[in-house]
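Here is what each chain is made of, one letter per residue.
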Amino acid sequence: MLDEILAKLDKMSPEQLTKLEKAANQVMPNQVWYPHPENKPQCQAYYSKADITLFGGSPGGGKTGLLLGTALTAHKRGLIVRKQFTDLEGVVDNLAGMLKSDKGIVRGNRPKYKGDNGQVIYFQGMGTSGDIDTGKQGNAFDFIGIDEGAQLAENDVRLLIGWNRTTDENQRCRIIIASNPPTSPVGDWLGTFFAPWFDPKHEKPAKFGELRWFYFDDDGKSVETEHKEPFELNGKKYYPQSRTYVFSAVENNPYIDSEEYKKNLQTLPEPFRTQLLSGNFLAARKDQDYQVIPTSWVIAAFERWEENQAKSLSPMTCIGADCAGGGTDNAVIAPLHQFRFSELIKFKTIKDEYGSQTAAEIIKIRRHNAVVTLDMGGGFGSGTFIILKDNIGLENIVSYRGGSGPTARTQDGKLQFSNARTQAYWQFREALNPDQDGGSQVELPRDARLLAGLTAPTFEIRGVKIHAETKEDVKDKLNYSPDEADAVVMCWFGRRIDYVMHNALKNFSYQMKGQASSLPRKMVDKYAERRVL
């Protein structure tokens with residue numbers, strides 16, 4: 001039905017559309033807002049049946065208007081969210097413009113709108129570190145509108161999805177994310193979350209407005225499914241949600257002079273100009289000044305991984321494990337097969353007080369006597385370390401502490417590192433460098449959070465030392481912990497400093513089998529001491 005309406009609108013002349021608008025005003029004189037007939041993408045998004053709609057892609061397409069209008073005309077309890085609380089003032093002003101008065105609007109620290117019929121719309125800023133007003137936690141909202149969604153981290157949006165519900169069986173629930181393409185690592189998740197619309201290599205690309213269904217598996221990963229109704233998998237019931245993407249540009253907005261608006265956009269530097277004019281969420285965003293690892297190098301590693309997916313894996317050489325102490329952060333395990341990383345393994349560690357869950361996961365996947373690089377920063381890895389020591393031996397563990405002293409210099413030998421974390425990230429930068437002899441061989445599984453984590457840190461040079469941003473600073477920037485990136489980087493770090501020695505010892509042990517059952521204890525102890533950094 002909606003496709004038929006849009007098709008008819010496409011065939012109408014400007015005069016016919018103006019006449020239709022006047023007729024709509026006569027039919028709905030009390031309707032404070034409705035999607036403009038000339039703004040076909042806005043109509044498509046408003047009438048879409050999707051549970052989660054991404055709307056926009058280019059400035060000037062009527063994104064904020066859609067959020068406010070939808071909340072006003074189709075829902076009872078709405079929540080409009082922006083990254084910064086200070087950005088809400090303009091959104092509330094837009095609402096007052098729609099209503100043609102301030103009646104029912106409460107401004108100040110906790111702005112909201114209350115209609116005569118009991119309808120309410122709350123306005124919320126997410127805060128500088130992903131915090132949200134705890135007074136709204138657990139509250140139900142049948143509509144959640146997220147303005148400039150690329151400024152929010154995926155975890156923030158996933159939290160909001162959990163609030164989208166109602167006890168009124170006649171009231172529909174939905175979420176609309178209004179956004180331009182991301183200009184920083186924070187919003188990279190959108191390209192994966194809406195992969196059927198953005199990923200050129202997706203096996204079944206989706207059209208604008210087409211519905212696709214997804215569910216979150218036990219590891220919290222978003223999985224596309226053919227199921228449209230609740231289904232059971234491995235004894236657990238899942239409830240798919242539908243998603244869609246509707247592209248809108250300034251040309252679709254009848255209230256804006258599109259030529260003048262586009263003229264202003266064309267003054268922007270690249271890649272912002274291309275991103276905002278084309279709505280390409282996967283366009284290469286501009287790297288930060290002094291970014292440790294260039295974005296294009298990581299994307300090239302993703303592409304190598306996909307190109308070589310059919311090839312058999314080399315023996316496993318190292319495992320990187322970023323431990324977690326419960327809470328919202330995942331524990332992440334990154335297995336490495338010479339130059340190719342396997343899919344990252346992510347899981348919650350709510351019941352992992354003594355490290356047994358993480359240790360069990362490592363032991364389960366470990367092959368070929370692979371070295372295990374274990375994150376010991378913060379103390380979360382201590383329990384896992386003890387269990388692994390008893391099961392795989394101290395000689396097979398690299399104890400990684402990002403704040404400890406470095407053990408090397410840059411490849412050219414000219415610069416030192418401020419700590420082990422800086423060394424680990426810089427050495428991974430060197431491994432990804434496409435200009436090295438033979439190019440880079442590192443292969444990485446495509447992962448939005450891995451991309452964001454690897455490309456978020458910046459550096460500065462003080463004297464002869466390179467200082468990378470701390471993990472805490474990166475976490476504030478992303479609004480979540482860069483666990484995926486840390487697991488990969490520390491894995492490569494452990495592999496770089498120990499794999500040669502590890503293999504040498506194994507070969508020596510093999511050669512000595514006829515004379516002794518194992519390596520001399522003193523040699524093993526000396527090697528083990530060297531590995532604990």
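J.: Just to check I follow, could you spell out the overall build of the protein chain for this structure?
T.: Scanning the protein chain from terminus to terminus reveals 18 helices and 21 strands. With 533 residues in all, the protein chain has 51% of them scored as buried. Of the contacts made within the protein chain by residues no fewer than 6 positions apart, 67% connect residues no fewer than 24 positions apart. When the accessible surface of the protein chain is split by element, carbon and sulfur atoms take 50% of a total near 25,800 Å².

J.: I tried to follow the sheet that holds strand E21 (residues 465–468) on my own but got confused; where do I start?
T.: What holds strands together in a sheet is hydrogen bonding between their backbones, with the strands either parallel or antiparallel. Read from one edge of the open sheet, three strands run E19-E21-E20, paired in mixed fashion. Two strands in the sheet have a free side with no partner beyond their single neighbour: strand E19 (416–417) and strand E20 (459–462). Across four bridges, the pairing between E20 and E21 is antiparallel. For Glu460, the partnering residue across the bridge sits in E21 and is His467. Sheet contacts for helix H14 (residues 420–432): E19, E20 and E21; angle to E21, the most-contacted strand, approximately 90°.

J.: Explain the state of the cysteines to me, please; I cannot follow it from the model alone.
T.: A covalent bond bridging the sulfur atoms of two cysteines is what the word disulfide describes. Under the defined criterion, the tally for this structure stands at zero disulfides. With no disulfide partner, Cys491 has as its closest neighbouring cysteine sulfur the one in Cys318, 3.8 Å distant. Taking relative accessible area as the criterion, Cys491 reaches 0% and is therefore assigned buried.

J.: Quick question: what am I supposed to make of the confidence of the model for the protein chain here?
T.: Caution is warranted with low-pLDDT regions, since their predicted coordinates should not be read in detail. Averaged over every residue, the pLDDT of the protein chain is 83; residues scoring 70 or more account for 76%. Contacts of residues 506–533 to residues separated by more than four positions or lying in other chains number 37 contacts, the stretch itself having pLDDT below 50.

J.: Explain the side chain of Asp447 to me, please; I cannot follow it from the model alone.
T.: Following the sequence through the fold, Asp447 ends up in the loop between H14 and helix H15 (448–455). Only 2.9 Å separates the side chain of Asp447 from the backbone nitrogen of Arg449, close enough to count as a polar contact. Beyond its immediate chain neighbours, meaning those up to four positions away, Asp447 contacts Phe302, Leu344, Lys346 and Glu484.

J.: Just to check I follow, could you spell out the nonpolar core for this structure?
T.: Where a protein is soluble and globular, its nonpolar side chains tend to be buried together. Counting residues in hydrophobic clusters, the biggest one holds 39 residues, and the most contacted among them are Phe341, Phe428, Leu432, Leu444 and Leu454. When near neighbours in sequence (up to four residues on either side) are disregarded, Leu444 contacts Val298, Ala301, Phe302, Trp305, Phe341, Phe428, Leu432, Leu450, Leu454 and Val488. In terms of nonpolar packing, the next biggest core, distinct from the first, is built from 26 residues, Ile52, Phe141, Ile144 and Ile146 among them.

J.: How do you make sense of the sheet that holds strand E1 (residues 52–57) when you look at a structure like this?
T.: Overall, mixed pairing links the ten strands, which are arranged E3-E4-E5-E2-E6-E7-E1-E12-E8-E9 in an open sheet. At either end of the open sheet lies a strand with only one pairing partner, and these are strand E3 (105–106) and strand E9 (222–225). Judged from the six bridges that link them, E1 and strand E12 (residues 241–248) form a sheet pairing that is parallel. Looking at E12, one finds that Gly57 is bridged to Ser248. On the sheet, helix H3 (residues 40–47) packs against E1, strand E7 (174–179) and E12 and is oriented at approximately 170° with respect to E12. Strand contacts of helix H6 (residues 154–161): E1, strand E2 (77–82), strand E6 (143–147), E7, strand E8 (212–216) and E12, with the helix running at about 165° to E6, the strand carrying the most contacts.

J.: Just to check I follow, could you spell out helix H5 (residues 88–99) for this structure?
T.: With twelve residues, H5 ought to run about 16 Å at 1.5 Å a step, and its terminal C-alpha atoms sit 17 Å apart, in line with that. The elements touched by buried residues of H5 are helix H4 (63–74), E2, E3, strand E4 (112–114), strand E5 (120–125) and E6. Note on H5: the residue one or two positions beyond its end, Lys100, has a positive phi of about 60°.

J.: Hey, could you run me through the environment of Val464 in this one?
T.: Within the fold, Val464 resides in the loop between E20 and E21. The exposure class assigned to Val464 is partly exposed, which follows from its relative accessible area of 45%. Once the C-alpha coordinates of Val464 and Ser418 are considered, the two residues, 46 residues apart in sequence, prove to be 9.4 Å apart. Apart from residues lying up to four places away in sequence, Val464 is in contact with Leu415 and Gln416.

J.: Looking at this structure, I do not really get the packing of aromatic side chains. What am I missing?
T.: By convention here, two paired aromatic rings are described through the distance between centres and the angle between planes. Taken as a whole and assessed by the stated rule, the structure comprises 20 aromatic pairs. Between Phe428 and Trp492, the ring centres sit 6.0 Å apart and the planes meet at 65°, which makes this aromatic pair edge-to-face. Pair noted here: Phe428 is in helix H14 and Trp492 is in helix H17 (residues 483–511), with a separation of 64 residues, a long-range link. Each member of the pair, Phe428 as well as Trp492, carries the same accessibility label: buried. Every member of this aromatic cluster is reached through a ring pair, and the members are Trp189, Phe193, Phe194, Trp197 and Phe216. A cation over an aromatic ring shows up here: Arg243 above the ring of Phe193, its NZ or CZ 3.6 Å from the ring centre. The side chain of Arg429 reaches across the aromatic face of Trp426, ending 4.6 Å from its centre.

J.: Would you mind going over the environment of Arg77 with me for this structure?
T.: Inspection of the secondary structure assignment puts Arg77 in strand E2. The spacing of Arg77 and Ile144 is 67 residues in sequence and 8.7 Å in space, taken between C-alpha atoms. Those residues in contact with Arg77 that lie beyond four places of it in its chain are Val120, Tyr122, Asn139, Ala140, Phe141, Asp142 and Phe143.

Cut-off values and rules
Residues numbered from 1 in each chain as written. Predicted model: local features only at pLDDT ≥ 70, side-chain atom pairs only at ≥ 80, totals over all residues. Heavy atoms only, no water. Helix = DSSP H or I, 4+ residues; strand = E, 2+ residues; numbered from the N terminus. Buried < 20%, exposed > 50% of the residue type's maximum accessible area, 1.4 Å probe, protein only. Contact = heavy atoms within 4.5 Å. Areas by Shrake-Rupley, 256 points an atom, 1.4 Å probe, with all protein chains shown as cover. Pairing = 2+ DSSP bridges. Axes fitted to C-alpha atoms, helices over the stretch in contact; angles between N-to-C directions. Disulfide = S-S within 2.5 Å. pLDDT = per-residue confidence, 0-100. Polar contact = N/O pair within 3.5 Å; in protein donor to acceptor, adjacent residues only side chain to side chain. Core = buried A, V, L, I, M, F, W, Y, C linked by side-chain atoms within 4.5 Å. Expected span 1.5 Å × (residues − 1). Phe/Tyr/Trp six-rings, centres within 6.5 Å; stacked < 30°, edge-to-face > 60°. Lys NZ or Arg CZ within 6 Å of the ring centre and 35° of its normal.

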